[in-house]
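# Architecture at a glance
Read off the chains here:
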Amino acid sequence: MKKIRLGVNIDHVATVRNARGENYPSPLRAALLAEKSGADSITIHLREDRRHINELDLKLIKSKLKIPLNLEIAATNEMLRIALKRKPPFICIVPEKRQEVTTEGGLNLKFKRNFLKKLIMKLKKNKSRVSLFIEPNKADIQEAKILNADCVEIHTGKFCNLINKNKKFHKEIKKIKEIVKIGNDLGLEVHAGHGLTYKSAKILSKVPGIKEFNIGHFLIGESIFEGLKTTIKKFRKIIR
Ligand code: PXP
C-alpha cells in the first residue's frame, strides 16, 4: 500500500474566528481533533499580516501537538526569527504578497537567492525539515536541490483548477509526474498542495513518488457538512 501522509491545514478555522474577532472556533481545538482523526501533520501559515493564524496559535499548537507541526512562512527576517524560536519540526517556505487571497504561485528561487540559502541553512541547523513551495518546473526543482532544501512542495493550483472546471488535465499531470521523478532522483522528498479536493487528490495520489499532501480550504469547507473527523478519514482513504 502506498503511504502518502496527510497534512491538514487549519488556517481557515482561524479565518472564521477572526471574522468576528472572537476567540472561537479554536485553531488549537481543530489541530487536536485533526490529530485524533488521523492527520499525519498539521499545517499553519503565519502570514505577515496575521490574517488568520497568529503567534499565540503557533505557540499553543506547537506545545500541545504530538504529530509534527508544519509552519508555512515567507522568506523574511521576522519569520526566520519566529521559526528559530518556536522550532517547528517542519517548515515550508512560501511566497507571500499582501494583496493575494491565497498563495498564488510557487517561490521565485532566483530572487533573494543568497538570503534563501542562509535561511534554509539556519532552519536546518535548528533541526527543522525545510521544504520549498515551487511551481512544477525543472529549473525550480533543480534550484531547490542546490539551495539544499530537504523537500519541495509542488503547487497544484493549476492542476486543481483544470479538474474543477472539467478541463483537460493530462498535460499538467504529465508535467507534475516528470517533476516528481526528477525530485526523487535528486534525493528530494516531494510533496503536493494547493486547491486539492477529493477528486484532484485521488488523481494525484496515483502519481508515484509523492510523499505528502497538504490540504486546507476544501477540507475545512467540507467539514462544515461532514465534520472534521469524517472528512479527514475520507481523505486518508483516498490517498492511501
Ligand atoms: N500548501 C501550501 C504551501 C499552501 O500555501 C497552501 C495554502 O495555504 C496549501 C498547501 C493548502 O491549500 P488549500 O487551502 O487550497 O488546500
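Please refer to the structure placed before this passage.
An account of the accompanying structure is given in this report.

Parameters and conventions
- The written sequence of each chain sets the order in which its residues are numbered from 1.
- Confidence filtering applies because this is a predicted model: local features only for residues at pLDDT of at least 70, side-chain atom pairs given and counted only at 80 or more, and all residues used for totals across whole chains, interfaces and linings.
- Each side-chain value is worked out from all heavy atoms of the structure, with water and hydrogens disregarded.
- We count a stretch as a helix when DSSP gives it H or I for four or more residues in a row; a strand needs E for two or more, and each element gets its number in order from the N terminus.
- Only C-alpha atoms enter the radius of gyration, while the globule expectation follows 2.2 Å times N to the 0.38, with N the number of residues.
- Classification of residues uses two cut-offs on accessible area relative to the type maximum, computed with a 1.4 Å probe and protein chains only: under 20% is buried, over 50% is exposed, and between them is partly exposed.
- By definition in these notes, contact holds between two residues if any of their heavy atoms fall within 4.5 Å.
- Here the Shrake-Rupley method, with its probe set to 1.4 Å, supplies the accessible areas, and only the displayed protein chains count as covering residues.
- Only four residue types enter the tally: Lys and Arg on the positive side, Asp and Glu on the negative side; His and the chain ends are excluded.
- Positions of charges follow a simple convention, taking NZ of Lys, CZ of Arg, CG of Asp or CD of Glu.
- Buried residues of nine kinds, namely Ala, Val, Leu, Ile, Met, Phe, Trp, Tyr and Cys, make up a nonpolar core once their side-chain atoms join them within 4.5 Å.
- The criterion for strand pairing is that DSSP finds at least two bridges linking the strands in question.
- By definition, the crossover connecting two strands over a helix is right-handed if that path, from the first strand to the second, turns clockwise as seen with the strands pointing away from the viewer.

Right, let's talk about the overall build of the protein chain for a bit. Assigned secondary structure in the protein chain consists of 11 helices and 8 strands. For a compact globule of 240 residues, the expected C-alpha radius of gyration is about 18 Å, and the protein chain comes in at 17 Å, within 12% of that figure. For the protein chain, buried positions account for 51% of its 240 residues. Across the protein chain, every contact between residues at least 6 apart in sequence was considered, and the portion connecting residues at least 24 apart equals 68%. Carbon and sulfur atoms make up 55% of the accessible area of the protein chain, which amounts to about 12100 Å² in all. Distance from the positive charge centre (51 side chains) to the negative charge centre (25 side chains) of the protein chain: 4 Å.

For F90, the position within the fold is in strand β4 (residues 90-93). Look at F90 and you get buried, because its relative accessible area is 14%. Those residues in contact with F90 that sit more than four places away from it in its chain are S41, P68, L69, N70, L71, R129 and E212.

This part takes up the nonpolar core. Formed by 71 residues in total, the largest nonpolar core has its most connected members in I10, I42, I93, L132, L204 and F213. Considering each element in turn, this core owes the most residues, 5 residues, to helix α5 (residues 113-125). In this view, I93 contacts I73, A74, A75, L107, L116, L119, I120, L123, V130, S131, L132 and F133; residues no more than four positions away in its chain are not counted.

Burial of β4 is two-sided: the residues F90 and C92 facing one way and the residues I91 and I93 facing the other way are all buried. Pairing of strand β3 (residues 69-73) with β4 involves 4 bridges; the strand directions are parallel. Paired with L71 across the two strands is I91, which belongs to β4. Handedness of the crossover joining β3 and β4 through helix α4 (residues 77-86): right-handed.

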